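Observations on chain architecture
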Amino acid sequence: MLAPALPPPGAAVTPPPRPLLALPPRPALRRGLWALPLLLSLAFVALVLAWLRANERADLELQRLELISDALSLESQVGARIEREALLLRELAQRLGTEPQALRAVTAHFAGLPEVQQGMRRFWLSVTWLDTANRIQAHLPEQAPRPGAAEASVPQSVGLSAHLSAAVPGGGALVARYSPTEMLRQNVPWWLARKYDVRIVGILGEVTASTTDGRELPDRQSYRISMAPTFADSYLELIARDRIAPWYRSFPIAMVAGFVLLIGAITWMLRRQVLDVSRAEAAWRTEAAWRSAMEDSLTVGLRARDLEGRLVYVNRALTDMVGYSADELVGHMPPMAYWPADDTEESMQRHQRNMAGAAPRGGYEARWQHRDGKRIDVMIFEAPLVDAGNRQIGWMGSILDITATKRAEERERHQVDTMTHHARLTMLGEVASTLAHELNQPLTAISSYNAGVINSMQRQAAPDPVLLRALQRLGEQAAHAGRIVQRIREFLTRREPQLEACALNAVVEGGVALLKRELERQRVHVDLHLCADLPLVVADAVLVEQVVINLVRNAADALAETSTHGIESEPVERRVEVRTLRSSDPRFVRIDVRDNGPGLEGRRVEALCAAFYSTKRDGMGMGLAICRSILEAHHGALDASEAPGGGACFSLTLPVDRVPTAQAAFEAETA
Ligand code: ADP
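All figures in this text were calculated on a predicted structure; none of them were measured in a lab. (Residues numbered from 1 in each chain as written. Predicted model: local features only at pLDDT ≥ 70, side-chain atom pairs only at ≥ 80, totals over all residues. Heavy atoms only, no water.)

Counting secondary structure elements, the protein contains 19 helices and 20 strands. Partitioning the intrachain contacts of the protein with sequence separation of at least 6 by distance along the chain shows that 63% fall at a separation of at least 24. Of the roughly 38800 Å² of accessible surface on the protein, 58% is carried by carbon and sulfur atoms. (Helix = DSSP H or I, 4+ residues; strand = E, 2+ residues; numbered from the N terminus. Contact = heavy atoms within 4.5 Å. Areas by Shrake-Rupley, 256 points an atom, 1.4 Å probe, with all protein chains shown as cover.)

Take the sheet that holds strand E5 (residues 196-202) next. Ordered in space as E6-E5-E8-E7, the four strands form an open sheet in which the pairing is antiparallel. Lying at the two open borders of the sheet, with one neighbouring strand each, are strand E6 (207-210) and strand E7 (222-226). Here the strands of the sheet are splayed against their neighbours by 25 degrees on average, with no regard to which way each runs. Of the pairings in the sheet, the one linking E7 to strand E8 (residues 234-240) comprises five bridges and is antiparallel in character. When the bridges of E8 are listed, Tyr223 appears paired with Leu238. (Pairing = 2+ DSSP bridges. Axes fitted to C-alpha atoms, helices over the stretch in contact; angles between N-to-C directions.)

In this section: the sheet that holds strand E19 (residues 637-642). Spatial strand order, E15-E17-E18-E20-E19: five strands in an open sheet with mixed pairing. Edge strands, defined here as strands with exactly one partner in the open sheet, are strand E15 (524-529) and E19. Within the sheet, the average angular offset between the axes of one strand and its neighbour, ignoring direction, is 15 degrees. For strand E18 (residues 588-595) and strand E20 (residues 648-655), the ladder comprises seven bridges, and the chain directions are antiparallel. If you follow Val593 over to E20, its bridge partner there is Phe650.

This paragraph deals with the pattern of salt bridges. Under the criterion given, the structure shown has 38 salt bridges. Between Asp527 and Arg575 there is a salt bridge; the shortest N-O distance is 2.3 Å. In this pair, Asp527 is assigned in strand E15 and Arg575 in strand E17 (residues 574-582), connecting sequence segments 48 residues apart. For Asp527, a relative accessible area of 22% corresponds to the partly exposed category. With relative accessibility at 31%, the residue Arg575 sits in the partly exposed group. A salt bridge links Glu573 to Arg575, with the nearest nitrogen and oxygen atoms 3.0 Å apart. Each of the salt bridges in this network shares a partner with another, and the network as a whole consists of Asp197, Arg199, Arg224 and Glu237. (Salt bridge = Lys/Arg side-chain N within 4 Å of Asp/Glu carboxyl O. Buried < 20%, exposed > 50% of the residue type's maximum accessible area, 1.4 Å probe, protein only.)

With respect to the helices and strands, Asn315 occurs in the loop between strand E10 (311-314) and helix H9 (316-322). Take Asn315: its relative accessible area is 2%, and that puts it in the buried class. From its side chain, Asn315 meets the backbone nitrogen of Leu318 in a polar contact 3.1 Å long. (Polar contact = N/O pair within 3.5 Å; in protein donor to acceptor, adjacent residues only side chain to side chain.)

Before going further, it helps to spend a moment on the site of the ligand. Taken together, 20 residues lie near the ligand, and Asn554, Ser614, Thr615, Lys616 and Leu624 sit nearest. Within the side chain of Asn554, one N or O atom sits 2.9 Å away from an oxygen atom of the ligand. With respect to the ligand, the side chain of Arg603 contributes an N or O atom lying 3.0 Å from an oxygen atom. Considering the ligand on its own, with 530 Å² of exposed area, one finds that the protein chains cover 93% of that surface. Of all the secondary structure elements, the ones that give two or more residues to the shell around the ligand are helix H16 (541-560), helix H18 (623-633) and E20. For the shell around the ligand, the element with the most residues is H16, which contributes four residues. The residue makeup of the shell around the ligand, split by class, is nine nonpolar, eight polar and three charged. (Near = heavy atom within 4 Å. Nonpolar A, V, L, I, M, F, W, Y, C, P; charged D, E, K, R; others polar.)

Here we take up the packing of aromatic side chains. Per the stated rule, a full pass over the model turns up four aromatic pairs. Considering the side-chain rings of Phe123 and Tyr178, the 5.5 Å spacing of their centres and the 70 degrees angle between planes classify their relative orientation as edge-to-face. Taken as a pair, Phe123 in the loop between helix H5 (114-121) and strand E1 (124-130) and Tyr178 in strand E4 (residues 173-178) lie far apart in primary sequence, 55 residues in all. When sorted by exposure, Phe123 lands in the same class as Tyr178, which is buried. (Phe/Tyr/Trp six-rings, centres within 6.5 Å; stacked < 30°, edge-to-face > 60°.)

With that settled, the discussion passes to a nonpolar patch on the surface. On the surface, a cluster of nonpolar side chains totalling about 310 Å² of accessible area is made up of Leu38, Leu39 and Leu42. Judged by relative accessible area, Leu38 falls into the exposed class, the value being 51%. (Patch = residues over 30% accessible without salt bridge, like charges linked within 9 Å, V, L, I, M, F, W, Y side chains within 5 Å.)

Bringing the side chain of Thr319 into the picture now. Its place among the elements puts Thr319 in helix H9. Other than its neighbours up to four places away in sequence, Thr319 contacts Val314, Tyr324, Ser325, Ala326 and Leu329.

Take the confidence of the model for the protein next. For the protein, mean pLDDT is 83; residues scoring 70 or higher make up 86% of the total. The low-confidence segment residues 1-22 (pLDDT under 50) makes 40 contacts with residues lying over four places distant or belonging to another chain. Taken together, the stretch residues 145-158 has pLDDT below 50 and engages in 21 contacts with residues farther than four places along the chain or on a different chain. (pLDDT = per-residue confidence, 0-100.)

Here we come to unusual backbone geometry. Residue Pro141 is bonded to the preceding Leu140 through a cis peptide linkage, with omega at -10 degrees. Structurally, Pro141 is set in the loop between strand E2 (136-140) and strand E3 (162-167). Positive phi values are uncommon outside glycine, yet Asn390 reaches one of about 65 degrees. Although it is not a glycine, Phe612 sits at a positive phi angle of roughly 65 degrees. Assignment of secondary structure puts Phe612 in the loop between helix H17 (605-608) and H18.

Quick look at H18 now. When H18 is considered as a whole, its buried residues turn out to be Leu624, Ala625, Ile626, Cys627, Ile630, Leu631 and Ala633. Downstream of H18 by one or two residues, His635 has phi in the positive range, about 65 degrees.

A few words on the pairing of E6. As defined by bridge partners, E5 adjoins E6 across three bridges and the pair is classed as antiparallel. Each bridged residue has a counterpart across the sheet, and for Ile200 the counterpart in E6 is Ala209. If you look at the hairpin formed by E5 and E6, you'll find four residues sitting between the two strands, and Gly205 has a positive phi there, around 95 degrees.

Our next topic: the packing of H16 against H18. Contact pair H16 / H18: the axes reach a minimum separation of 10 Å and the direction vectors enclose 150 degrees. In terms of orientation, H16 and H18 fall into the roughly antiparallel class. Here H16 and H18 pass one another in a crossing that is left-handed. For the pair H16 and H18, the contacting residues are Leu543, Val547, Asn550, Leu551 and Asn554 in the first and Gly623, Leu624, Cys627, Ile630 and Leu631 in the second. Here the residues of the contact of H16 with H18 sort into seven nonpolar, three polar and no charged. (Parallel < 35°, antiparallel > 145°, perpendicular 65-115°, else oblique. Left-handed = near helix turned anticlockwise from the far one by under 90°.)

Right, let's get into the packing of helix H2 (residues 36-98) against helix H8 (residues 247-297). Two measures define how a pair of helices packs: the angle their axes make with one another and the distance between the axes. One can describe the packing of H2 onto H8 by two numbers: an axis separation of 10 Å at closest approach and a directional angle of 150 degrees. Regarding the angle of H2 to H8, the classification is roughly antiparallel. The handedness of the crossing between H2 and H8 comes out as right-handed. For the pair formed by H2 and H8, the contact residues are Leu36, Pro37, Leu40, Ser41, Phe44, Val45, Val48, Leu49, Leu52, Arg53 and Glu56 on the first element and Trp247, Ser250, Phe251, Ala254, Met255, Gly258, Phe259, Leu262, Ile266 and Met269 on the second. Looking at the contact of H2 with H8 residue by residue, the class counts come to 16 nonpolar, three polar and two charged.

What follows is the structure, encoded as structure tokens:
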């Protein structure tokens, strides 16, 4: 009797299902956002590398251009200097050529010459005057030059010397030996000497002269320019002292600086992202709270199932409906715990039909069983459950508990049956009453004639006793027939009226409610206009309700004969208006039942209320007659008229000041 304990036999219990409703897929761009910092960092490193490399190249190029221009200008300066020195030597030779012969060989005189002294103060190492036979006539300095003495100030490695010579007029030559190193030191401007290591190198690369100690400077830019014709086979070489720092030297600093900026930017982006995420989370939480509040407040049960039929979600209304908790239901496959044990096969067939997508669109009824064993009637609507990509991922069912409605319907059906039965009995009573009324006269006539015949026979001298006896019997039978008819009428019509104070509005509402389905089927719309301050009447509510029902049903029947389309195919609504109101006579209340049907077509209320008068194919013609009897028994009245604007209007009036002694009056009436 109780529902099977969980898990139900045969039900496949599986681990909790994966979430059925996944979040909608995010755009690919947003999904890859996490890699942005890494990509930015790599791009940044590549940029810095390229930038440093380009910078290094630009610096090297700039230095090279400077080097070339400095080398060119220095070469021309040095050339000019040597030219000038050669000129000075030639002038000295000219002067010596004009010297008297006697002084020529005097070294003292030679040494005293200002040109010689100036030359020695500049960068001459020695000066020698040779005669035509290349014998030394005079030589300075006087003592033979010690090897290396004159070059003491010149570094060993660059201690080579050069010479200039000039022909002395009259024979002989003047030879000046000088130190190119000293020449360079004296003639290279200081700012160039600071910038460059200036050298004179031979064709094989040997250093002839240098402004420094001749040490090699690795990884420096240099430029060579030929010194011909001043020095044949020699080059002036400029070596930059400053080394352009290779790009990788500044790389770490640039990287650190850049990364600080980058981290700043990424932190800012991260902050925005975090804010976005927390905003989205807050919105999601609110939405989730809303959703669960809405789901919990629903009276409609909801259940979601995956494509295999496994329950993946139930709301509170459903768990309340069946008496099982969500944990007991979710994750289970059919047969479900709330299926009635004696109905499992049918429920399973229904389930399979639903899973095949063939559930009726308008919903279907089923019978479930609460955990406590109580049966519940439910109306189920199935709909496909689709995800954000419009793929079906299961089924969503909404479930209405229609147990109460079903019971109400059953009660209503029962009530209608009872009412129909009552109506039939009342009708029979009326028929009998009418028959009795109609038969009463012929029976009375039969009795009278029979009594007359008996009297006249008894006045005869010798009445035939057999005939007399037969006539007496005939009289007795006629009287007996009259009594039988009367008794049957009494039996069928006498219904104990239940007189009570009743509110007509409630009576009208009850009557119309009973006809609800019938009226819906006939597509008749009923408008109730109920007077708010209607006094109570003392009446039999059931009988008055029957009158109302009969009048509304007649109106609906009259409307059924009308088309729902007018002449110009304009839809014509079938309307019945039921109105309760105080009558113009304050002692009465009134109920009007008015329709927009064909109307009375000139017929008066007496004709309509005549027994057995009907224009309907299967009509009995007793309805209005019975209504009138009931109303008259209540000291009321029934009237019928054409409604203004077309249709019929039936009005019933009931007195408001009747005292409960009406019971007695009613009995007297029906007796
Ligand atoms: P029945 O319904 O069996 O015909 P009734 O006594 O209730 O018997 O009705 C008698 C006749 O009165 C109906 O056949 C119909 O012709 C006429 N009638 C009753 N109500 C209306 C109405 N609202 N409009 C038009 N005719 C009506």
